[in-house]
Amino acid sequence: MVTGRGVVFLSSVFIGLGGFRSRVRDLLRSLGFSVWWAEALPWPTAPAPEWTAAVCLAGVEESDYYLGIYPGRYGSDPLGIGFTELEYHHAVR
């Protein structure tokens, strides 16, 4: 559902930030934004890193805003760069 303020792509690591991500999503929705976040997707049991990257980068492209939440250490590295960092570079482009 797209609302009047646009779509925010919510980017961060999953591990350790799940509750925080939910609170940020709820806050954004209360302010009238739609939120693209990975938890809303129907994930395959063991998605290939390339599939995950493609889906997330498509989400960045479909969004009006990018919001990154960065702890001291973030992302996995199956592609030589963490997904969170990959999303950030894609959003900046």
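Residues numbered from 1 in each chain as written. Predicted model: local features only at pLDDT ≥ 70, side-chain atom pairs only at ≥ 80, totals over all residues. Heavy atoms only, no water.

**Q** I'm lost on the overall build of the protein chain in this one. Help?
**A** Assigned secondary structure in the protein chain consists of three helices and three strands. The buried share of the protein chain, taken over its 93 residues, is 35%. Look at the contacts in the protein chain between residues 6 or more apart in sequence, and 67% of them connect residues 24 or more apart. Within the structure as shown, the protein chain displays about 5,700 Å² of accessible surface, and the carbon and sulfur contribution to it stands at 59%. (Helix = DSSP H or I, 4+ residues; strand = E, 2+ residues; numbered from the N terminus. Buried < 20%, exposed > 50% of the residue type's maximum accessible area, 1.4 Å probe, protein only. Contact = heavy atoms within 4.5 Å. Areas by Shrake-Rupley, 256 points an atom, 1.4 Å probe, with all protein chains shown as cover.)

**Q** Just checking my understanding: could you explain the nonpolar core for this structure?
**A** Soluble, globular proteins show a tendency: their nonpolar side chains are buried together. With ten residues, the main nonpolar core is built from Val 8, Leu 10, Val 13, Leu 17, Val 24, Leu 28, Phe 33, Val 35, Trp 37 and Ile 69. Looking at this core, the elements that each hand over two or more residues are β1 (7-11) and α1 (18-30). For Trp 37, the contacting residues outside a window of four places in its chain are Leu 10, Arg 21, Ser 22, Arg 25 and Arg 29. Membership of the second largest hydrophobic core comes to six residues, among which are Phe 9, Ala 38, Cys 56 and Val 60. (Core = buried A, V, L, I, M, F, W, Y, C linked by side-chain atoms within 4.5 Å.)

**Q** How should the packing of helix α2 (residues 49-62) against helix α3 (residues 83-92) be read in this particular structure?
**A** When two helices pack together, their arrangement is given by the angle between the helix axes and by the axis-to-axis distance. Running from N to C, α2 and α3 cross one another at 35°; their axes reach a closest spacing of 10 Å. Both α2 and α3 take part in a crossing whose hand is right-handed. Contact with α2, carried on its side by Pro 49, Thr 52, Ala 53, Cys 56, Leu 57, Val 60 and Glu 61, involves Phe 83, Leu 86, Glu 87, His 90 and Ala 91 of α3 and no other residues of that element. (Axes fitted to C-alpha atoms, helices over the stretch in contact; angles between N-to-C directions. Left-handed = near helix turned anticlockwise from the far one by under 90°.)

**Q** Teacher, can you tell me more about the pattern of salt bridges here?
**A** Pairs can form between side chains of opposite charge once their charged atoms are near each other. For the coordinates displayed, the defined rule picks out two salt bridges. Between Glu 39 and Arg 21 there is a salt bridge, with its nearest N and O atoms 2.7 Å apart. Taken together, the positions of Glu 39 in the loop between β2 (34-36) and α2 and Arg 21 in helix α1 put the pair 18 residues apart, joining distant regions of the chain. Of the residues examined, Glu 39 reaches a relative accessible area of 35% and is grouped as partly exposed. Of the charged contacts in the structure, one is a salt bridge between Arg 25 and Asp 26, with a shortest N-O distance of 2.6 Å. Given the relative accessible area of 16%, Arg 25 is considered buried. (Salt bridge = Lys/Arg side-chain N within 4 Å of Asp/Glu carboxyl O.)

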